Amino acid sequence: MPVDTKAATDRLMRFLAIEGVTGQEAAIGRELTAALKESGVPAKAIRLDDANTRIPVPTETGNLIVDLPGRGALHNQPRIMFMTHMDTVPLCAGARPRKSGRRIVNEARTALGGDNRCGCGVLVTLAAELEKQKLDHPPITLLFCVREESGLYGARHVKLDELGSPVMAFNYDGGPASNVTIGAVGADRWSVEILGRASHAGVAPERGISSTMIMALALADVKAGGWFGKVVKGKRQGTSNVGPVTGGEGRPAGDATNVVTDYVHVRGESRSHDGKFFKEITKAYKAAFAKAAKKVTNAQGKSGKIKFKAETDYYPFRMKDSQPVIKRAVEAVSAVGGTPNVRTANGGLDANWMVRHGVPTVTFGAGQNEAHTIDEWINLDEYDRACALAVQLATMR
């Protein structure tokens, strides 16, 4: 089914030019709304939900939701949903997109924002083509999520009844359009506060309890136990990472080398396709920090303490190949000339939460490459295929 690829690319360039890092999606939300109206979607069909009032970190706006009534012979079929996220990683701030042949590249030393302005372009193009060509289709919900890049918060906090109870959903994120992603890992996000005791490191170091040394011993123990990086325990696999190590918001007694460090804050994550195993990885970190805290004592025999917190960011899922949403996805990819690559992902997706909400969701790419890096670029051939795929998914009988 033909798609106006020039108009689709123009939309993408338009959206790439709008800054909207995670948590600051108001401007791109307004631009998407304007583009939807220009495509023939009535204003009454477009709204923002109040998910931002439930997200525990500051978020400018809620998810953008669009209701498209069914048309023609398919008007009374069950509702389906197309979704993407409208935020980018902070590294995208200041991007300057430029077309270069069949690529879009960046003139700035930033990430480009194809993740996920490409998804936004696909969904708006879908709405435009359905209206322009007067195509038969079932009732459709378009969902543009906030704060995907900082914890999948928009998808996590959306209310199902706001979406019209779709029977299946198609999510657009990174990679080739032929990727049919039917599962993804789950993850814990954890943090630990290490509480030591300050002392003059030159005059009376024996009176201090070094939080830095507690951290060092804990991480060495984690590494020796095989719990850092790629984690393989028998048939179970996962990953873990230690992220920023900081002193918090002015918490240490001092930041000079002549003060025994009394406070260190560490953040990290644990992931696995096994819903129990990523939590076991997290427990290994907690145990290592607790063990290290007891080992580091001062001359008075007092030891350090820790405060360990863990929260599940998202749960793993793997849908069965027999599910209608997967059959539809595979058939549609083939219909637009692609070779379906049925796969699972090692990163979290908004689909993790949609499946958790009870909506079977397949994720496709839309031409994004080298996302979250200054080398990011967009493959316009794949982007065009993603747009055609969306129209095919929406109209197939």
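Residues numbered from 1 in each chain as written. Predicted model: local features only at pLDDT ≥ 70, side-chain atom pairs only at ≥ 80, totals over all residues. Heavy atoms only, no water.

A short note on the state of the cysteines
Then comes step 1: Applying the stated criterion to the full structure yields 0 disulfides.
Then comes step 2: Residue Cys92 stays outside any disulfide, its sulfur separated by 11 Å from that of Cys118, the closest cysteine. (Disulfide = S-S within 2.5 Å.)

Observations concerning helix α2 (residues 26-38)
Then comes step 1: Its 13 residues place the ends of α2 19 Å apart at the C-alpha level, agreeing with the 18 Å of an ideal helix rising 1.5 Å per residue.
Then comes step 2: All buried positions along α2 are accounted for by Ile28, Gly29, Leu32, Thr33, Ala35 and Leu36. The arc that holds the buried residues of α2, viewed along the axis, is 165°, so those residues lie on one side. Turned more than 90 degrees away from the buried face of α2, the exposed residues are Arg30 and Glu38.
Then comes step 3: Buried-residue contacts for α2 involve α1 (5-16), β1 (46-48), β2 (64-68), α3 (114-133) and β6 (140-145).
Then comes step 4: Downstream of α2 by one or two residues, Gly40 has phi in the positive range, about 105°. (Helix = DSSP H or I, 4+ residues; strand = E, 2+ residues; numbered from the N terminus. Expected span 1.5 Å × (residues − 1). Buried < 20%, exposed > 50% of the residue type's maximum accessible area, 1.4 Å probe, protein only. Arc of directions from axis to C-beta. Contact = heavy atoms within 4.5 Å.)

Things to note about the UniProt feature "active site" (unreviewed entry) in the protein
Then comes step 1: When the UniProt feature table is mapped to this numbering, "active site" (unreviewed entry) covers Glu148.
Then comes step 2: Turning to its location among the elements, Glu148 is positioned in the loop between β6 and α4 (153-157).
Then comes step 3: Not counting chain neighbours up to four residues away, the residues in contact with Glu148 comprise His85, Asp87, Asp173, Gly348, Leu349 and Asp350. (UniProt positions renumbered as here; feature names shortened; annotations may be inferred.)

A look at the domain arrangement of the protein
Then comes step 1: If you check the domain split of the protein, you get domain 1 (5-185 + 316-395) and domain 2 (186-314).
Then comes step 2: Summarising the inter-unit geometry, the C-alpha centres of domain 1 and domain 2 are found 37 Å apart.
Then comes step 3: Each partner contributes to the interface: domain 1 provides 14 residues, whereas domain 2 provides 13 residues.
Then comes step 4: For domain 1, the biggest contributors to the area lost against domain 2 are Arg156, Val185 and Pro316; these three give 50% of the whole.
Then comes step 5: For the pair domain 1 and domain 2, the number of links is 1 salt bridge.
Then comes step 6: Here Glu311 and Arg156 are joined by a salt bridge, their closest N and O atoms 3.7 Å apart. (Domains from an automatic or database assignment. Buried area = accessible area lost by both parts, 1.4 Å probe. Salt bridge = Lys/Arg side-chain N within 4 Å of Asp/Glu carboxyl O.)

Here we look at the pairing of strand β10 (residues 229-233)
Looking along a regular strand, one sees side chains alternate from face to face of the sheet.
Then comes step 1: Judged from the 5 bridges that link them, β10 and strand β11 (residues 236-246) form a sheet pairing that is antiparallel. From the neighbouring strand, Lys230 faces β11, where its bridge partner is Thr239.
Then comes step 2: Between β10 and β11, which pair antiparallel and follow one another directly, the connecting turn spans 2 residues, one of which, Gly234, has a positive phi of 65°. (Pairing = 2+ DSSP bridges.)

Some points on the sheet that holds strand β5 (residues 103-106)
Backbone hydrogen bonds are what pair the strands of a sheet, in a parallel or an antiparallel way.
Then comes step 1: The strand order β4-β5-β18-β17 describes an open sheet built from 4 strands, whose pairing is antiparallel. What marks the edges here is a single partner per strand, and that holds for β4 (97-100) and β17 (368-369).
Then comes step 2: The pairing of β5 with strand β18 (residues 377-379) spans 2 bridges and is classified as antiparallel. Looking at the pairing, Ile104 lines up with Ile378 of β18.

Some words on the sheet that holds strand β13 (residues 305-314)
Then comes step 1: The sheet built from 5 strands is open, its strands ordered β10-β11-β12-β9-β13 with antiparallel pairing. Whereas interior strands pair on both sides, the edge strands pair on one side only; in this sheet they are β10 and β13. Going across the sheet, the axis of each strand differs from the next one's by a mean of 25°, ignoring polarity.
Then comes step 2: Here β11 pairs with strand β12 (residues 263-272) via 6 bridges, running antiparallel. Paired with Val245 across the bridge in β12 is Val266.
Then comes step 3: Packing of helix α5 (residues 211-224) onto the sheet brings it into contact with β9 (186-195), β11 and β12, and relative to β12 it is tilted by some 20°.
Then comes step 4: Its contacts with the sheet put helix α6 (residues 277-295) on β9, β10, β11, β12 and β13, and the angle it makes with β13 is roughly 170°. (Axes fitted to C-alpha atoms, helices over the stretch in contact; angles between N-to-C directions.)

Description of the pattern of salt bridges
Then comes step 1: Scanning the entire structure with this criterion turns up 21 salt bridges.
Then comes step 2: We note a salt bridge from Asp321 to Arg318, for which the minimum N-O separation is 3.0 Å.
Then comes step 3: Under the relative-accessibility criterion, Asp321 is labelled partly exposed at 47%.
Then comes step 4: One salt-bridge network, held together by shared partners, links Arg14, Glu31 and Glu38.

Concerning the packing of aromatic side chains
Then comes step 1: The tally for this structure, following the rule as stated, stands at 8 aromatic pairs.
Then comes step 2: With centroids separated by 6.2 Å and ring planes inclined at 40°, the aromatic side chains of Trp227 and Phe277 adopt a geometry described as tilted. With Trp227 in the loop between α5 and β10 and Phe277 in helix α6, this pair connects stretches of sequence that are 50 residues apart. The same class applies to Trp227 as to Phe277, namely buried.
Then comes step 3: Members of the aromatic cluster, joined through ring pairs, are Phe82, Phe170, Tyr172 and Phe364.
Then comes step 4: Sitting over the face of the ring of Trp377, Arg103 holds its NZ or CZ atom 3.6 Å from the ring centroid.
Then comes step 5: Over the ring of Trp227 we find Lys233, and its NZ or CZ is 4.5 Å from the ring centre. (Phe/Tyr/Trp six-rings, centres within 6.5 Å; stacked < 30°, edge-to-face > 60°. Lys NZ or Arg CZ within 6 Å of the ring centre and 35° of its normal.)

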